[in-house]
Amino acid sequence: MSRLRNWSVVVVSAAALALAGCGSSTPATTATTAAGAGTTTTGATGATTTSTASSTGGGGGSSSIAAIPTQDRSPAGTAGKAPTVVVPTGAPPTQLESTDLIVGTGATAKAGDNVTVQYVLATYSARKVIQSSWTAQPFQFTLGEGQVIPGWDKGVVGMQVGGRRELIIPPSLGYGGQSPGAGIAADDTLVFVVDLLKIG
């Protein structure tokens, strides 16, 4: 079964979960719930701006991408090691939010590129990590081709190799109104931390 494929970490059909091992009881990372401004990033790794990304791949909705508020961000962690994911305590955002936790120094991902990533997924409904490629193997897909959910096709564009980006993806850019598997409820908001390993 291909991990971010088959459903709508693909487009909006119906199938299994975005990532291999969904529902696994032993992910390599843990999620915590943000309590106020206790989790922030520092220095260059916390750089973030509000940006607009062009709409690529499947999925409707606005192409606007907002920065994740400082108090809702996961910690930057260390490149090459699985991150900890923080699920914010407030109401989920209604648009895609994105912040670079670690800014990469390599090539920049664009639509049409074949990219290799590591990721961790937590959800607002489960309040914990439900999937992690760090427990299996990196995930490859072609950016902007509708092979993954629209939130990934939009949110991974502009990442640089070596970087780590957090994406908070609303249901309209995720799995929509149906649950694709354990840990993801209907109309769930998804919290991904994605590391871009290579392009090509």
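What you are looking at is a predicted structure, and each value in this text was computed from that prediction instead of being measured. (Residues numbered from 1 in each chain as written. Predicted model: local features only at pLDDT ≥ 70, side-chain atom pairs only at ≥ 80, totals over all residues. Heavy atoms only, no water.)

Focus on the nonpolar core
Ranked by size, the top nonpolar core spans 25 residues in total, and within it Val117, Phe141, Trp152, Ile169, Leu190, Phe192 and Val194 carry the most contacts. Elements with a contribution of two residues or more to this core: strand 6 (114–123), strand 8 (139–142), strand 9 (164–169) and strand 10 (190–199). Membership of the second largest hydrophobic core comes to 13 residues, among which are Val85, Val87, Val120 and Val191. (Core = buried A, V, L, I, M, F, W, Y, C linked by side-chain atoms within 4.5 Å. Buried < 20%, exposed > 50% of the residue type's maximum accessible area, 1.4 Å probe, protein only. Helix = DSSP H or I, 4+ residues; strand = E, 2+ residues; numbered from the N terminus.)

Here's the deal with the confidence of the model for the chain
Summarising the model, the chain shows a mean pLDDT of 77, and 68% of its residues fall at 70 or more. Within the model, pLDDT remains below 50 along residues 5–30, and this stretch shows 90 contacts once partners closer than five positions in the same chain are excluded. (pLDDT = per-residue confidence, 0-100. Contact = heavy atoms within 4.5 Å.)

Thoughts on the environment of Thr189
With respect to the helices, strands and loops of the structure, Thr189 is situated in the loop between strand 9 and strand 10. Thr189 sits in the buried class, given a relative accessible area of 4%. Taking C-alpha positions, Thr189 is 8.8 Å from Thr94, a pair spaced 95 residues apart along the chain. When near neighbours in sequence (up to four residues on either side) are disregarded, Thr189 contacts Pro92, Pro93, Ala122, Thr123, Tyr124, Ile168, Ile169, Pro170 and Pro171.

Quick word on the pairing of strand 10
In terms of burial, strand 10 is a largely internal element, seven of the 10 residues being buried. Sheet topology note: the strand 6/strand 10 ladder contains nine bridges and is antiparallel. Across the sheet, the residue bridging to Gln118 is Asp195, located in strand 10. Bridge count for strand 9 against strand 10 is six bridges, and the pairing is antiparallel. (Pairing = 2+ DSSP bridges.)

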